[in-house]
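Results of the structural survey
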Amino acid sequence: MNHYAITMPQLSDTMTEGVVVTWEKQPGDRVERGDIVATVETDKAIMDVEVFKAGYLAGPLADVGATIAVGAALGYITDTAGDVAIADGEVVEAQAQTEMIPHHAGTPIVMPQLSDTMTEGVVVTWEIQPGDAIKRGDIVATVETDKAIMDVEVFQDGFLSGPIADVGSVVEVGHPMGFIVDDAAKANDTGVTISADHKVKDTHHVAPPSADRPAHLPTPKAAPSQISASGNVPPVARPSGRQASPYARKVAAQLGVNLTGLAGTGPSGVIVAADVARARPSMAEVAHSLPQVDVPGQGRKMTSMEKAVSHAMTASLTLPTFNVTVNIDTSALTAAAKAKKVSVTVAIAKACSVAMAKFPRMNWAYQPVDKLVERANHDFGVAVMSNDGGLVVPILHGIEKKPLEALQSDWTGLVERARVRKLAPAEYSNPTFTISNMGMLGVSHFTAIPTPGISAILAIAASGPQGTPFTITGDHRVLNGADVALYLVTLKQIIEAPESWLGAGSAAAESVVPAATTHALVSPIPEGNWDVPVVIVGGGPGGEDCARDLADHGIKVMMVMNEPFPGGECLWRGCIPSKAWRAAADVIRNRAHDAELGVDGTHTPTLNWAQAEKHRRWVQSSRGEMALKADKGMKIDVREGFGEFVDAHTLKITPVEGEPYTVSFGAAVIATGAPAFVPPIPGARENLATGGVVTSDTIWNLATPPKKLGIVGGGVIGVEMAQIFRDFGTEVLMLERHDRILAETEEEIAKHLIALLEKEITVVTSAAINEVSGTAGAMKLRYADKDGTESTFECDIVLMATGKRPDTGKLNLDKVGVELDGAAIKVNARGQTSVPHIYAVGDVIGGHMLAHTAATQGRVAADNLLGHASEYDQDKDCGVTFSRPQAGFVGLSVTQAKAKGIDAVEAKMPMSIDAKAMITGETEGMIKLVADKATGCIIGVHYLADHTDTLIGIGVMMVAGEMTLTQVAKAIFPHPTQTELFGELARRLLNRLRRTAKK
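Calculation rules
Numbering of residues begins from 1 in every chain and follows the order in which that chain's sequence is written. In view of the model being predicted, local features appear only for residues whose pLDDT reaches at least 70, and side-chain atom pairs are presented and counted only at 80 or more, with totals across whole chains, interfaces and linings using the full set of residues. Working from all heavy atoms in the structure, the side-chain values ignore hydrogens and water. In this description a helix means any DSSP run of H or I spanning at least four residues, a strand means any run of E spanning at least two, and both kinds are numbered starting from the N terminus. Only protein chains enter the accessibility calculation, which uses a 1.4 Å probe; a residue whose area is less than 20% of its type maximum is buried, one above 50% is exposed, and one in between is partly exposed. At least two bridges found by DSSP between two strands are what make those strands a pair. The rule for a salt bridge is simple: a side-chain nitrogen of Lys or Arg has to be within 4 Å of a carboxyl oxygen of Asp or Glu. Axis angles are defined between N-to-C directions and span 0 to 180 degrees, where every axis is a line fitted to C-alpha atoms and, for a helix, only to the segment in contact. Distance and chemistry together define a polar contact, namely a pair of N or O atoms within 3.5 Å, with one atom able to donate a hydrogen and the other to accept it when in protein, and with adjacent residues in sequence counting only for side-chain atoms on both sides. The arc refers to the directions leading from the helix axis to the C-beta atoms. Contact definition: two residues touch when any of their heavy atoms are within 4.5 Å. The definition of a nonpolar core used throughout is a set of buried Ala, Val, Leu, Ile, Met, Phe, Trp, Tyr and Cys residues joined through side-chain atoms within 4.5 Å. We call Phe, Tyr and Trp rings a pair once their centres come within 6.5 Å, taking the six-membered ring for Trp, and we label the pair stacked below 30 degrees between planes, edge-to-face above 60, and tilted otherwise. Residues enter patches when they are more than 30% accessible in relative terms and free of salt bridges; like-charged ones are connected within 9 Å and nonpolar ones (Val, Leu, Ile, Met, Phe, Trp, Tyr) within 5 Å. A 1.4 Å probe and the Shrake-Rupley method give the accessible areas. Residues count as covered only by the protein chains that appear here. By the counting scheme adopted, Arg and Lys are positive, Glu and Asp are negative, and His together with the chain ends is not counted.

It is worth spelling out the overall build of the protein chain at this point. Helix and strand content of the protein chain: 23 helices and 53 strands. Residues counted as buried form 49% of the 999 residues belonging to the protein chain.

Let us look at the pairing of strand β43 (residues 778–784). Here seven bridges tie strand β42 (residues 768–775) to β43, and the two strands are oriented antiparallel to one another. Bridge pairing links I769 to Y783 in β43. The turn joining β42 and β43, which pair antiparallel and follow one another in sequence, is formed by two residues; a positive phi near 95 degrees is taken by G777. From the end of β43 to the start of strand β44 (residues 790–795), which pair antiparallel, there are five residues, and G788 there has a positive phi angle of about 90 degrees.

Our focus in this paragraph is the pattern of salt bridges. Inspection of the entire model under this criterion finds 36 salt bridges. Across the pair E544 and R548 runs a salt bridge, and its minimum N-O distance is 3.2 Å. In this pair, E544 and R548 both sit in helix α12 (residues 541–552), four residues apart, roughly one turn of the helix. By relative accessible area, which is 9% here, E544 ends up buried. Since its relative accessible area comes to 23%, R548 is described here as partly exposed.

Counting buried positions along strand β19 (residues 176–181) gives five out of six residues, so the element sits mostly inside the fold. In this structure, strand β11 (residues 107–110) lies alongside β19, joined through four bridges in antiparallel fashion. Residue P108 lies in a different strand from β19, and its bridge partner there is F179. As defined by bridge partners, strand β16 (residues 158–161) adjoins β19 across three bridges and the pair is classed as antiparallel. Bridge pairing in β19 links F159 to V181.

The next point concerns the sheet that holds strand β49 (residues 878–881). Strand order in the open sheet formed by five strands is β49-β50-β53-β52-β51, with antiparallel pairing between adjacent strands. For this open sheet the edge positions go to β49 and β51 (904–910), each flanked by a neighbour on one side alone. In this sheet, neighbouring strand axes are inclined to one another by 10 degrees on average, regardless of whether the strands run parallel or antiparallel. Two strands pair when backbone bridges link them, and β51 and strand β52 (residues 926–932) are joined in this way by seven bridges, in the antiparallel orientation. Residue pairing across strands places E906 opposite V930, the latter belonging to β52.

Along the chain, the position of K928 falls in strand β52. At 2.8 Å, the side chain of K928 and the side chain of E746 are in polar contact. There is a polar contact of 3.1 Å between the side chain of K928 and the side chain of E906.

Another aspect to go through is helix α17 (residues 747–757). Burial in α17 covers these residues: I749, A750, L753, I754, L756 and L757. Projected onto a plane normal to the axis of α17, the buried residues spread over an arc of 160 degrees and lie on a single side. Exposed side chains of α17 directed beyond 90 degrees from the buried face belong to E747 and K751. Contacts from the buried residues of α17 go to α16 (716–727), β50 (886–891), β52 and β53 (938–945). Its side-chain oxygen at 3.1 Å from the backbone nitrogen of E748, E746 defines the N-terminal cap of α17.

Structurally, S463 can be placed in the loop between β30 (456–460) and β31 (468–475). The spatial distance from the C-alpha of S463 to the C-alpha of D329 is 8.2 Å, given a sequence separation of 134 residues.

As a further point, take the environment of G601. Inspection of the secondary structure assignment puts G601 in the loop between α14 (575–591) and α15 (609–633). Given the relative accessible area of 64%, G601 is considered exposed. In this structure the C-alpha to C-alpha distance between G601 and R591, which are ten residues apart in sequence, comes to 9.3 Å.

Our focus in this paragraph is unusual backbone geometry. With omega at 0 degrees, the peptide bond leading from G162 into P163 counts as cis. Considering the arrangement of structural elements, one finds P163 in the loop between β16 and β17 (164–165). With an omega dihedral of -5 degrees, the bond running from H975 to P976 counts as a cis peptide bond. For S766, which is not glycine, the phi torsion reads 50 degrees and is therefore positive. Classification of S766 as partly exposed rests on a relative accessible area of 26%. In this structure, E962 takes a positive phi of about 50 degrees despite not being glycine.

Grouped together as the largest cluster of nonpolar side chains are 51 residues, with contacts concentrated most on C352, M362, F433, F470, Y487 and L491. With nine residues, the single largest contributor to this core is helix α7 (residues 344–356). If you look at the next biggest cluster of nonpolar residues, it comprises 32 residues, including A585, M734, I754 and L799.

To continue, consider the packing of aromatic side chains. Within the structure shown, the criterion is met by eleven aromatic pairs. Taken together, a centroid distance of 6.5 Å and an interplanar angle of 70 degrees make the contact between F433 and Y487 edge-to-face. Of this pair, F433 sits in strand β29 (residues 433–437) while Y487 sits in helix α9 (residues 481–496), and the two are 54 residues apart along the sequence. A relative accessible area of 0% means that Y487 is categorised as buried. Note on W581 and F725: the rings are 5.4 Å apart at their centroids and 75 degrees apart in plane angle, and the pair reads as edge-to-face. You can see W581 sitting in helix α14 and its partner F725 sitting in helix α16, a full 144 residues away along the chain. Judged by relative accessible area, which is 1%, W581 ranks as buried. You can call F725 buried: its relative accessible area is 0%.

This paragraph deals with the sheet that holds strand β38 (residues 693–695). If you walk across this open sheet you meet the five strands as β38-β45-β39-β40-β41, and the pairing is parallel. The sheet terminates laterally at β38 and β41 (762–764), the two strands that pair on one side only. This sheet shows a mean twist of 20 degrees between the axes of neighbouring strands, independent of strand direction. Two elements, strand β40 (residues 731–735) and β41, share three bridges in a ladder whose sense is parallel. When the sheet's bridge partners are listed, L735 is paired in β41 with V764. Set on the sheet, α16 makes contact with β39 (708–712), β40 and β45 (797–800); between it and β40 the angle comes to about 165 degrees.

Now for a nonpolar patch on the surface. The grouping of M385, L391 and L441 at the surface amounts to a nonpolar patch, some 290 Å² of accessible area in total. Looking at where L391 falls in the secondary structure, it is placed in strand β27 (residues 391–392).

Let's shift gears to the side chain of E922. Mapped onto the elements, E922 comes out in the loop between α20 (915–920) and β52. Buried and unpaired, E922 has no salt bridge, with R884 as the nearest side chain of opposite charge at 4.4 Å. In terms of polar contacts, E922 uses its side chain to reach the side chain of T920, at 3.0 Å. Within the structure, E922 has its side chain in polar contact with the side chain of H947 (distance 2.8 Å).

This is the structure we're talking about:
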């Protein structure tokens, strides 16, 4: 079952909430499109809440009298009869479209629709005033549409009443411009100003027209959409010796109309917009200008849709068209669509979209005069036979970004409404491409007719000996023969090899689907009667983010973890506990500088280890409980136990208590992390059990901070722990077997930080660690320096900070054929293993072993499982070393960029010149900006600063957003803050590039 939220609509820009006045329907009642389900009181009036989603009303409903924020749920609509309430804790993100109309306002006068492509109009005049009597057939207003100026005729007696849309307001087709009431006493004189984005900007009393500006002179406050959409078009000059309204001159500029000699119908012969519009014939005018042949018999009037189709078809005679046909074998696509339980029509529409990614011109349109509209959105009209035998063309919106399952859901509802001709205007207006499949009727060949607004229409005939004829009729003003021929050839490849884009995202997809289709459909969850569609092994950041994204999209997920709470190493043995210690250490360290700022008496802080540990554990347990509650609230099936593969679709789970059991799955995600690695140093592994040797996984059991600490390994973990315990009062020796510590940190940043570290702790590089011996509290660390001189360091404990290494031995990956790359699982950029329906993310795949990296990879895997070819880009990743000052990176260094063939340049600024750093006494370090010299795009930012963890967010946005030096140089940063360094860096680098370019 699907649930949709009925949200509090927004009547105006100033409205932030509304009060529920009544419910017009109750849970379980049937709701049709356009039904009034409730009334609410806003800051303007009592309004009806009209919904445009058929289904059944479901609770919980907001109480009468309750104040509900704009956008918050009033109640829900379900597509299942008898489903009267959502589940406790269920999160409903899908929304039913809602509108507000004034309560008891009368019969609405709606913006009429002239053509299938019209979606909105601009109010040009009101011919009568509020309170004036109206007779059936009266013209009450004129409006400007995307085709012409037209009269608004009403077919009901009564009196004009507000709210009335102001002259210049942009009103959607089918939405109220004003109202008719049956009693003059009920009429009100409220006017509303509606902006180009269809929002009410203002309400006021309607003022009578001034004597010097008659009501019928069109001077709208806003231009219609086709003018405003192309920017600020300057109006044409006033014709010599003639008067023309400003709006008429603007329309003339848009349509390319010469005002000289044009007859004016405004007061005193003034040229108005209607005159300009008549100079460019509309669809209706083109139709009526053709020879009319007398036909015997008594004719009836066409319906509005019949007239629109008639005018559009006649207007299509103005298109210079041509036809191209290719025969395609659709049998494989038909079978694949059936297996995925989607209609062939939907599958063909998706295939057309996939092919169009390489040929975007197929989705463009000609716009008068001499313009091309370049559209990226794939909103395809697909012809459907209505119950009365005619053809209706509902639109599937957003085909380029939706998976097949979502498109099928959309299509099912569209077809139901199309067959009874109950489509809303937005559901049949403005397609970007059209598909007509008359092959189902046995037609062996036909050509379809494109109408203004599209450049191509696809006609699909019945299958024959050579395949199914696919014929495209194209507009030669937009397309040429090669465009259409190459598109059809690509479409043929895609349809005849559906496994390449409907299957598990195989490499074959890349050979058929062009490189531009980064978000093409992959849909790798195999169909089957599984216990669960997706099982995730591991509950750390990678597994949990993956599970949540899938659950958000309605996928049933099981998450198996060998701990009682989610969070993984980050929460229980890594990021969170170490930063809790770091926070305590920072307070101690900062007190040493208080005297410089004029604060005395704080320079001798004392560590309360018991309280520090209590706080750390509280943070961890609180976050673990919050995470578990959130996961269960999202309907994730969380299981505690150890998971191992039995075969490619079966996982064995061994719980903490009870018997092992198995579950079958469609797809799996491995997110089991990586434990701390202890190298084969004599005595190191033997002393793990005694507690004399600890790792980043086991250091959290200390009774008290050690007085002396030996650290083996000079990476991020070693450096962070070294400074934390130094601030706690511990003497620290760090041994590193390479020639420098912080080997993965940008070279200059590392050099500066190492110099600061060596003032606080003893660092020995190029060290050979010969033996670890002793007992906890009395350990000996024997090592030799680069000259071979041997020494022994006596300490309380030895921390092995020698990195992490994946351990997949107990997962039984050999039983499912998952390949390894050394100790890590081998994956592609999408997170797929050698088994297409099994993914792996986080530390278990190597690379950056960081919590946010794992979380990102988890979301990437989820995206692919949902049917989108998303990829993880390591070149945009980031990280922070929580030293003091903190080191950090985003993206690439100059060295890394040049290794990739990028001509990179950098600029740097020391923190010592920054005003804020000088004020706080935090002047150590620098910030470096790295840019692509050719494009000016920022590709890296590197930090050494006391507040890198805060400043790094700006670097992330610059690199992820692919911002240029010019954009950052022009940005306004507040003073005095350290953020202003980014603007200064960008300007410096730009100036340098200008100077060097001149030489």
